[in-house]
Amino acid sequence: MSTLRMAAVAAEFGRDLEEDFAIAERLVKEAREQDVRLLALPEACLGGYLLSLDDSAELDAGPPALALDGPEIRRLAALAGELTVVAGYCEAAGDTRYNSVVCVTGDGVLGNHRKVHQPLSEDASYASGDRFHAFDTPVGRIGMMICYDKAFPESARALALDGAEIGVCVSAWPGARTNAAADLEQDRWKRRFDLFDRARALENQIVWLSANQAGTFGSLRFVGSAKVVDPGGEILADTGVAAGIAVAELDVAQALETARRSMGHLRDRRPETYTYAGAVSA
């Protein structure tokens, strides 16, 4: 049996890159001390997220735009060392900015994903990505997505069909914008965050890591709730709404095989029947 010790983080990150790297370094050190081999940091952990998702809000210049092959991502890779680390950042591609997530080890970049689905006014700050794909890493085949991407079942399904054993979703998921609960544990957007995590793991029978921003930034109050979910949709570790690190250990291959043995959701699909308005769904 070969088990994988993995962790998802809930933490507060802001505009100051040096401070963000200091936080990331502390979290990597903590993960290393717990023998973690796969670590997921939140969306926008390098440079912070947007101050608001309101069209009428007065915004700052936004997070610093970093090149995928630039010094900051190389610094993150050096920090990762023998760990596989997933982290969100604002990606510069020429004059275009993307809300992106990168997967690195000490050897460099293993994968990169540009957020496809953009909530509310996020499209005023970022261009949209156009694909989902899985890739091989030292800890298994991984598929990545960002925040609102997980509200669309097709996102995680595309990754699972591409062979992803582990889905990693990094988020800057806030509490509700209206009728907000005083206690974040009772917040309806927090409940949705948790439901999506469990559903995406269960329907695709994959392991799921969910990292999220914690604390507040601008007008946003984040729900934390980083977690590790097994292929049956059961939460193995969870930070709750506070900052923290959710650590779990699992034999991923065995967990997938067990979950899919009797009722294999990917195997038992009937794509030819998934139609609407006369069109065939992919």
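In the block above lies the structure referred to throughout.
Please read these numbers as outputs of a predicted model, since none were measured by experiment.

Under the 1.5 Å per step criterion, the end-to-end length of helix 1 (residues 17-33) is 24 Å for 17 residues, consistent within 8% with the ideal 24 Å. Listed as buried for helix 1 are Leu17, Asp20, Phe21, Ile23, Ala24, Leu27, Val28 and Ala31. In an axial view of helix 1, the angular spread of the buried residues amounts to 160°, which keeps them on one side of the axis. Away from the buried face of helix 1 by more than 90 degrees, exposed residues Glu18, Lys29 and Glu33 are located. Buried residues along helix 1 sit against strand 1 (4-11), strand 2 (38-40), strand 3 (65-66), helix 2 (71-80), strand 4 (84-93) and strand 15 (244-250).

In this structure, Met6, Leu38, Ile166 and Leu209 are the most contacted members of the largest nonpolar core, which totals 33 residues. Non-local contacts of Leu209, meaning those with residues more than four positions away in its chain, are made with Met6, Ala7, Leu38, Ala40, Ile166, Gly167, Val168, Cys169, Lys227 and Val228. Within the second largest apolar cluster, 30 residues are counted, among which are Val9, Leu17, Phe21 and Val85.

Right, let's get into the packing of helix 1 against helix 2. If you want to describe how two helices pack, look at the angle between their axes and the distance between the axes. Packing of helix 1 against helix 2 leaves a shortest axis separation of 10 Å and a crossing angle of 20°. By the angle between their axes, helix 1 is roughly parallel relative to helix 2. For the pair helix 1 and helix 2, the crossing hand works out as right-handed. Facing helix 1, whose interface residues are Leu17, Glu18, Phe21, Ala24, Glu25, Val28 and Arg32, helix 2 presents Glu72, Arg75, Leu76, Leu79 and Ala80.

Considering all chains together, one arrives at three aromatic pairs under this definition. With a centroid separation of 5.3 Å and 65° between ring planes, the pair formed by Trp173 and Phe193 is classed as edge-to-face. Of this pair, Trp173 sits in the loop between strand 9 (166-171) and helix 4 (188-204) while Phe193 sits in helix 4; the two residues are 20 residues apart in sequence, bridging distant segments of the chain. The exposure class of Phe193 is buried, given its relative accessible area of 0%. Between Trp173 and Phe196, the ring centres sit 6.0 Å apart and the planes meet at 65°, which makes this aromatic pair edge-to-face. Within this pair, whereas Trp173 is found in the loop between strand 9 and helix 4, its partner Phe196 is found in helix 4, the two being separated by 23 residues in sequence. Taking the relative accessible area as the measure of exposure, Trp173 reaches 8% and is therefore buried. We classify Phe196 as partly exposed; its relative accessible area is 22%. Stacked on the ring of Phe21, the Lys or Arg Arg75 has its end atom at 4.1 Å from the ring centre. Taking the ring centre of Trp173 as reference, the NZ or CZ of Lys150 above it sits at 5.1 Å.

Reading guide: rules and limits
- Residues numbered from 1 in each chain as written.
- Predicted model: local features only at pLDDT ≥ 70, side-chain atom pairs only at ≥ 80, totals over all residues.
- Heavy atoms only, no water.
- Helix = DSSP H or I, 4+ residues; strand = E, 2+ residues; numbered from the N terminus.
- Expected span 1.5 Å × (residues − 1).
- Buried < 20%, exposed > 50% of the residue type's maximum accessible area, 1.4 Å probe, protein only.
- Arc of directions from axis to C-beta.
- Contact = heavy atoms within 4.5 Å.
- Core = buried A, V, L, I, M, F, W, Y, C linked by side-chain atoms within 4.5 Å.
- Axes fitted to C-alpha atoms, helices over the stretch in contact; angles between N-to-C directions.
- Parallel < 35°, antiparallel > 145°, perpendicular 65-115°, else oblique.
- Left-handed = near helix turned anticlockwise from the far one by under 90°.
- Phe/Tyr/Trp six-rings, centres within 6.5 Å; stacked < 30°, edge-to-face > 60°.
- Lys NZ or Arg CZ within 6 Å of the ring centre and 35° of its normal.

On their own, these measurements won't tell you what the molecule is for.
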